[in-house]
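What follows is the residue order along each chain.
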Amino acid sequence: VRFRAKQWYQRRVRGGKTEVREESYRKFQLREAQKKELVRSWSTQHQLKLARETDELEHRKKNGMLLLAQCDRYKRCRQCKRCCDNTGTSNIWRESRFIPGCRLIV
């Protein structure tokens, strides 16, 4: 009886050790996969940043004009796509008049 109990106990201990080993290996594989994914993501982001910087540098080198000269030449801003000639125009006609006490502009 003692011998069988000892064998049963040894089998349980061996099974527990293998479970711990397998779990540790699964966690290691997960960490390695995450690490590889981060490295890949960082490298692609770095390549994109370098491409943006080189594009901006080429744009600066090609365009040696001052900002006001660029505004005269281009209709829209390259970055924000807004109209460059901000002259303060409004959508209200020059002939319109505001009458006090009235909700309409005539």
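Everything that follows concerns the structure shown earlier in this document.
Below is a short write-up of the structure.

### Overview of the overall build of the protein chain
Move 1: Counting its secondary structure elements, the protein chain contains two helices and zero strands.
Move 2: The burial tally for the protein chain puts 2% of its 106 residues in the buried class.

### A closer look at the pattern of salt bridges
Move 1: The full count for this structure, using the stated rule, is two salt bridges.
Move 2: In this structure, the salt-bridge partner of lysine 27 is glutamate 23, at a minimum N-O distance of 3.6 Å. Here lysine 27 and its partner glutamate 23 are both found in helix H1 (residues 2-62), four residues apart, which amounts to about one turn of the helix.
Move 3: The partly exposed category is assigned to lysine 27, whose relative accessible area is 47%.
Move 4: You can call glutamate 23 partly exposed: its relative accessible area is 39%.

### A few points about a nonpolar patch on the surface
Move 1: A cluster of nonpolar side chains, contributed by Trp8, Tyr9 and Val13, occupies part of the molecular surface with about 340 Å² of accessible area.
Move 2: For valine 13, the position within the fold is in helix H1.

Criteria and thresholds
Residues numbered from 1 in each chain as written. Predicted model: local features only at pLDDT ≥ 70, side-chain atom pairs only at ≥ 80, totals over all residues. Heavy atoms only, no water. Helix = DSSP H or I, 4+ residues; strand = E, 2+ residues; numbered from the N terminus. Buried < 20%, exposed > 50% of the residue type's maximum accessible area, 1.4 Å probe, protein only. Salt bridge = Lys/Arg side-chain N within 4 Å of Asp/Glu carboxyl O. Patch = residues over 30% accessible without salt bridge, like charges linked within 9 Å, V, L, I, M, F, W, Y side chains within 5 Å. Areas by Shrake-Rupley, 256 points an atom, 1.4 Å probe, with all protein chains shown as cover.

Keep in mind these numbers describe shape, not what the thing actually does.
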